[in-house]
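Each chain is listed here by its residues.
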Amino acid sequence: MTTSFNVFDTAIGACGIAWGERGVTHAWLPERDAARLRGRIARRLPDAREARPTEEIREVIDRIAAHLAGSPSDLSSVPLDLDGVPDFHRRVYAIARAIPPGETLSYGEIASRLGDPTQARAVGQALGANPIPILIPCHRVLAAQGRTGGFSAPGGVATKLRLLEIEGAAAAAIPTLFPANSR
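Residues numbered from 1 in each chain as written. Predicted model: local features only at pLDDT ≥ 70, side-chain atom pairs only at ≥ 80, totals over all residues. Heavy atoms only, no water.

J.: Is there a simple way to explain the overall build of the protein chain in this structure?
T.: The secondary structure content of the protein chain amounts to six helices and six strands. Across the protein chain, helices and strands are ordered from the amino to the carboxyl terminus as β-β-β-α-β-α-α-β-α-α-β-α. In summary, the protein chain has a C-alpha radius of gyration of 16 Å against a globular reference of 16 Å for 183 residues, a match within 12%. Based on the C-alpha atoms only, the size of the protein chain along its principal axes is roughly 50 × 35 × 25 Å. Across the 183 residues in the protein chain, those meeting the buried criterion constitute 48%. Counted over contacts in the protein chain with a minimum sequence separation of 6, partners at least 24 positions apart contribute 56%. Considering the protein chain, the positive charge centre built from 21 side chains and the negative charge centre built from 19 side chains are found 7 Å apart. (Helix = DSSP H or I, 4+ residues; strand = E, 2+ residues; numbered from the N terminus. Rg over C-alpha atoms; globule rule 2.2 N^0.38 Å. Buried < 20%, exposed > 50% of the residue type's maximum accessible area, 1.4 Å probe, protein only. Contact = heavy atoms within 4.5 Å. Lys, Arg positive; Asp, Glu negative; His and termini not counted. Charge placed at Lys NZ, Arg CZ, Asp CG, Glu CD.)

J.: I tried to follow the environment of Leu-161 on my own but got confused; where do I start?
T.: Position of Leu-161 relative to the elements: it lies in helix H6 (residues 156–166). Take Leu-161: its relative accessible area is 12%, and that puts it in the buried class. Here the alpha-carbon distance between Leu-161 and Glu-55, two residues 106 residues apart in the chain, equals 31 Å.

J.: Looking at this structure, how should I read the environment of Tyr-107?
T.: Examined against the element boundaries, Tyr-107 turns out to sit in helix H4 (residues 107–113). Residue class for Tyr-107 comes out buried when judged on its relative accessible area of 14%. Spatially, the C-alpha atom of Tyr-107 lies 8.7 Å from that of Ala-122, the residues being 15 residues apart in sequence. When sequence neighbours within four positions are dropped, the list of residues in contact with Tyr-107 reads Ala-120, Val-123, Gly-124, Leu-127, Val-141, Leu-142, Ala-143, Thr-148, Gly-149, Gly-150 and Lys-160.

J.: What is the right way to read the pattern of salt bridges from this model?
T.: Between side chains of opposite charge, a pair can form when the charged atoms approach closely. This structure, assessed with the given rule, holds nine salt bridges. In this structure, the salt-bridge partner of Asp-81 is Arg-22, at a minimum N-O distance of 3.2 Å. With Asp-81 in the loop between helix H2 (55–68) and helix H3 (87–97) and Arg-22 in the loop between strand S2 (13–20) and strand S3 (23–31), this residue pair connects regions lying 59 residues apart in the sequence. The salt bridge partner of Glu-167 is Arg-140, with a shortest N-O separation of 2.8 Å. Of the two residues, Glu-167 is situated in the segment after H6 and Arg-140 in the loop between helix H5 (120–128) and strand S6 (141–142); the sequence distance between them amounts to 27 residues. A relative accessible area of 4% places Arg-140 in the buried class. A cluster of three or more residues bridged by salt bridges with shared partners is formed by Arg-22, Asp-81 and Asp-83. (Salt bridge = Lys/Arg side-chain N within 4 Å of Asp/Glu carboxyl O.)

J.: Explanation requested: the pairing of strand S1 (residues 4–10) in the structure shown.
T.: Counting buried residues along S1, six of its seven residues qualify, which places the element largely inside the surrounding structure. Here seven bridges tie S1 to S2, and the two strands are oriented antiparallel to one another. Bridge pairing in S2 places Asp-9 opposite Ala-14. Linkage of S1 to S2, two consecutive antiparallel strands, is achieved through a turn of two residues. Note that S1 and strand S4 (residues 49–50) share two bridges and pair parallel. Its bridge partner being in S4, Phe-5 is matched across the sheet by Glu-50. (Pairing = 2+ DSSP bridges.)

J.: In this structure, what is going on with the nonpolar core? I would like to understand it.
T.: A general tendency of soluble globular proteins is for nonpolar side chains to be buried together. Counting 40 residues, the largest nonpolar core has Ile-17, Ile-64, Leu-127 and Leu-135 as the members making the most contacts within it. Only S2, S3, H2, H3, H4 and H5 provide two or more residues apiece to this core. No other element matches the five residues that H2 contributes to this core. The residues touching Leu-127, leaving out its near neighbours within four places in the chain, are Val-92, Tyr-93, Ala-96, Tyr-107, Cys-138 and Val-141. Membership of the second largest hydrophobic core comes to nine residues, among which are Val-7, Trp-28, Ile-41 and Leu-45. (Core = buried A, V, L, I, M, F, W, Y, C linked by side-chain atoms within 4.5 Å.)

The structure is reproduced here in structure tokens:
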């Protein structure tokens, strides 16, 4: 199966998407420039070829670009190809995909929904390996007590907070970088 990819501009930087016959296989959140992003894509998918998006993928790109421009939409209906993704990760991703824009869950809440509240760390590891951020909205998952937790996309936690802000997450759900009691 051939994997194709496309790099596209958004309001917050160059993003990328890769797809195959069964759906989207990968997505990349903003990089400062398209050349750097193409390098990341080549390292992750060395056999992929840059291509013009199909009509369906063009629609997904347009929806992602609108989302990142401040018109959040539910992207959970976009077909994904998670071939080769471990079952536990797939179950975590299914729960994350069901989190609506502007809302959040904690790693522990996802672990509880999976039936084992002691698996919060494993949930975090699965989300850290997420191959399709934004379509699997791992940025909507926070650590205990509303802390940000990690974020492996370029820009790290600042990108996570920016995505939550774009989506209009309730102010209480958007953690601050420097809580008042940390001084």
